[in-house]
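Residue-level structural notes
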Amino acid sequence: MKLRNKFLIIFLIISVLPVLITSLYTYSRYRQLADTQTSQVSDNILKICTSHTEESLDVLEHILEALYLPGENHNSIIDNIQRYRNTNHITDSKDIFQSNEKVRISLQNYYYNNNDLNGIFLFLPNGTVLGSGYGNGINVKPEYDPLDNDWYKKTLSLHGGTYLYGPCKKDFFDGKPSESISFCTALYDIYDKGFLGILMVDCNPHFLSLEEINPMPLIARLVIYNNDQIVSSTDSSVIKNGNVLEYEQKLTLDPLVLKVFINQEELYRQFGIIKITLVAVILTSIIVAILISMILANSLTKPITTLSDLMLQPEETADVSVVPYFNLNNEIGILYASYQKMLDDKNLYVKNELENKLILLDSQMRSLESQINAHFLYNTLESINSIATLERIPAISTMSMALGRMFRYSIKTESELVPLREELRHTADYSIIQEIRFNHQYTLKIAVPEICKDIVVLKLILQPLVENALYHGLNYCKNGDKIQVTARIEKSDMILAVEDNGIGLSPEKIFQLKSLLNKEPKFSELGQRCAQSIGIKNIHTRIQLYYGKNYGLFLDEQPEKGAKISIRVPILQ
């Protein structure tokens, strides 16, 4: 047997055998893991969906609690509707209006924070209906009497429990009612247990929608049952005939039950992709091991086979010095050197220096900025506004609403272009906050014709100029008290101007600003811009990059007190 074949067999045993053993063990562990993961996936889907559904249902409990919580005058909604317990009592329209206002103010936060809430209504024993619709503008028809209706009787029979009415259309709502889900609960006095009425919370069916929370929509179907009636369900086509895993979880709102149906065949098919990948990796590893074994066997035996071929040649034609193995510093090299001495008396040795250069690659690590949950911050500002409204602190309410609109406007990503009226609204919101901050020591006047307000412009180009005028021109209201925004049309362009009556600009300052605006943007490396002014320079650069060199910011030199900077943009509808 040739030496090369012996080496090849040895290397194959050393490399392929461990790979096979490791692969068989890995595949066995994978099968066990797949079974475990299947069970865990099903449990996790059920937990996630149950948690989300419970969070939605918690809103109903909070609304019920709000009815019993005392307000500013230490009276709750429940205390307020005590007067309506007598069915023979004639209700004054003024009393009804005041009660409706009490309900609206106490429950308005739930309207703002729950888009799927259609309306909250109180059906009182004397026939009075308090509350109103919100989401779809629904209201109970004035002539509607619920006493003989099936939902009213079933709600009473639960003695304080919650009856789920729907999803269905309710003909006692005004307009063209669509399908909705109503949660109905009988209310009782906490002292004498007297009946006070029925609370109905009407919601859009999307209130219990499961489509958005299904983590694996291709293999799992989620269904909420009210006894045997389906309240909400995801796509049923994902569950086909075959092996189906079924899990269920009772919800806190009895008798609602959440069921999860898992297409076991599809789930295992998903794992089958991993199995195929694993087998492919194993086969690839074996093929690579065989190739490496062949390369190693060939590289070890090639010098010896070459030397044997040289020995078979006539001595006068054999030139060992040209063989690449001649200068090896090992046993092979010794063999070649010894054979060279036997061929002739030449003591010439060929020295070859092999230089290996190691190229070090420097990796720059970049830190990723953490983004706050924009929707969380916006909702927080809305909550602050609601609390400030309830607590009757108009300054905080105004500032939070203005800041909330500014934040929502800043994070809008549909387009870089917006109508000028939205840019003016954003600038006005900023001014509202600063006017309160500086105790109304300055005013912002917006004198823009209506014809200009529908022209689209780049976002966030006006507010920084107003901010610059406030801080540098008015010097925090120490050197002036007015800022004015104007607009005019010149042929196919629109000129926006921000002017203040502050300290003005010196000739040196005007020269510096014009030089800054005329400079081209510099880049320190691909994709990174050098640090420079992030105010008017940034606005000027954005406008020129978007519209061209003929547009941008221009300083108006005026002898009067104050400063004026103009923006030229093309007219786009």
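Throughout what follows, the structure given in this document is the object of discussion. (Residues numbered from 1 in each chain as written. Predicted model: local features only at pLDDT ≥ 70, side-chain atom pairs only at ≥ 80, totals over all residues. Heavy atoms only, no water.)

One key point about sheets: their strands pair by backbone hydrogen bonds, in either a parallel or an antiparallel sense. Within the open sheet, the five strands sit side by side as β2-β1-β5-β4-β3. Their pairing is antiparallel. Strand pairing shows two members of the sheet lacking a second neighbour, β2 (129-133) and β3 (162-168), which therefore form its edges. Taken over all neighbouring pairs, the strand axes of this sheet differ in orientation by 15° on average, direction set aside. Relative to strand β4 (residues 180-188), β3 is paired through five bridges, and the arrangement is antiparallel. By the bridge assignment, Thr 162 is partnered in β4 with Thr 185. (Pairing = 2+ DSSP bridges. Helix = DSSP H or I, 4+ residues; strand = E, 2+ residues; numbered from the N terminus. Axes fitted to C-alpha atoms, helices over the stretch in contact; angles between N-to-C directions.)

Across all of its chains, the model carries 13 aromatic pairs by this definition. Where Tyr 144 meets Phe 172, the ring centres are 4.4 Å apart and the plane angle is 20°; that geometry is what we call stacked. Of this pair, Tyr 144 sits in the loop between β2 and α4 (150-157) while Phe 172 is found in the loop between β3 and β4, placing the two residues 28 residues apart along the sequence. Each member of the pair, Tyr 144 as well as Phe 172, is classed as buried. With a centroid separation of 6.4 Å and an interplanar angle of 25°, the aromatic rings of Tyr 163 and Tyr 165 are classed as stacked. Judged on exposure class, the residue Tyr 163 and its partner Tyr 165 are both buried. Here the basic side chain of Lys 170 rests over the ring of Tyr 165, its NZ or CZ set 4.9 Å away from the ring centre. Seen from the ring of Tyr 225, Lys 259 lies directly overhead, with NZ or CZ sitting 5.1 Å from the centre. (Phe/Tyr/Trp six-rings, centres within 6.5 Å; stacked < 30°, edge-to-face > 60°. Buried < 20%, exposed > 50% of the residue type's maximum accessible area, 1.4 Å probe, protein only. Lys NZ or Arg CZ within 6 Å of the ring centre and 35° of its normal.)

For strand β6 (residues 220-226), a buried count of seven out of seven residues is recorded, marking the element as mostly surrounded by other parts of the structure. Residues Ala 220, Leu 222, Ile 224 and Asn 226 line one face of β6 and the alternating positions Arg 221, Val 223 and Tyr 225 line the opposite face, and both faces are buried. In this structure, β6 lies alongside strand β9 (residues 256-263), joined through seven bridges in antiparallel fashion. Among the inter-strand pairings, Ala 220 is bridged to a residue of β9, identified as Ile 262. Sheet analysis places β6 next to strand β7 (residues 229-233), joined by four bridges and oriented antiparallel. Note that in β7 the partner of Tyr 225 across the bridge is Ile 230. Hairpin geometry of β6 and β7 is characterised by an intervening segment of two residues between the two adjacent antiparallel strands and by a positive phi of about 60° at Asn 227.

This paragraph deals with the packing of helix α8 (residues 394-411) against helix α9 (residues 420-437). Two elements in contact, α8 and α9, have axes whose closest approach is 9 Å; the angle formed by their N-to-C orientations is 145°. Crossing hand, α8 versus α9: left-handed. Contacts between α8 and α9 involve Ala 395, Thr 398, Met 399, Ala 402, Leu 403, Arg 405, Met 406, Tyr 409 and Ser 410 on the former and, on the latter, Glu 422, Glu 423, Arg 425, His 426, Asp 429, Tyr 430, Ile 432, Ile 433 and Ile 436. Within the contact of α8 with α9, the residues separate by chemical class into 10 nonpolar, three polar and five charged. (Left-handed = near helix turned anticlockwise from the far one by under 90°. Contact = heavy atoms within 4.5 Å. Nonpolar A, V, L, I, M, F, W, Y, C, P; charged D, E, K, R; others polar.)

Let us look at empty space enclosed by the protein. Tallying each qualifying case throughout the model produces one cavity of 30 Å³ or more. The space that makes up the largest cavity amounts to roughly 40 Å³. For the lining of the largest cavity, the residue count by class is six nonpolar, two polar and no charged. (1 Å grid on protein atoms, 1.4 Å probe; cavity = no way out; pocket = protein on both sides within 12 Å on 5 of 7 lines; lining within 4 Å. Points joined across faces, edges and corners; volume = space filled by probe spheres on them.)

The phi torsion of most residues other than glycine is negative, and most of the peptide bonds are trans. In this model, Gly 166 is joined to Pro 167 through a cis peptide bond whose omega is 10°. Looking at the element boundaries, Pro 167 is found in strand β3. For the peptide bond that leads from Asp 254 to Pro 255, omega is 5°, which places it in the cis range. One non-glycine residue, Asn 227, adopts positive backbone phi at about 60°. Tracing the sequence through the fold places Asn 227 in the loop between β6 and β7. Residues other than glycine seldom take positive phi values, yet His 440 does so here, at roughly 55°. Tracing the backbone through its elements, the reader meets His 440 in the loop between α9 and β11 (443-447). On the basis of relative accessibility, which here comes to 53%, the residue His 440 falls in the exposed class.

Limitation: the analysis is restricted to geometry and does not speak to function.
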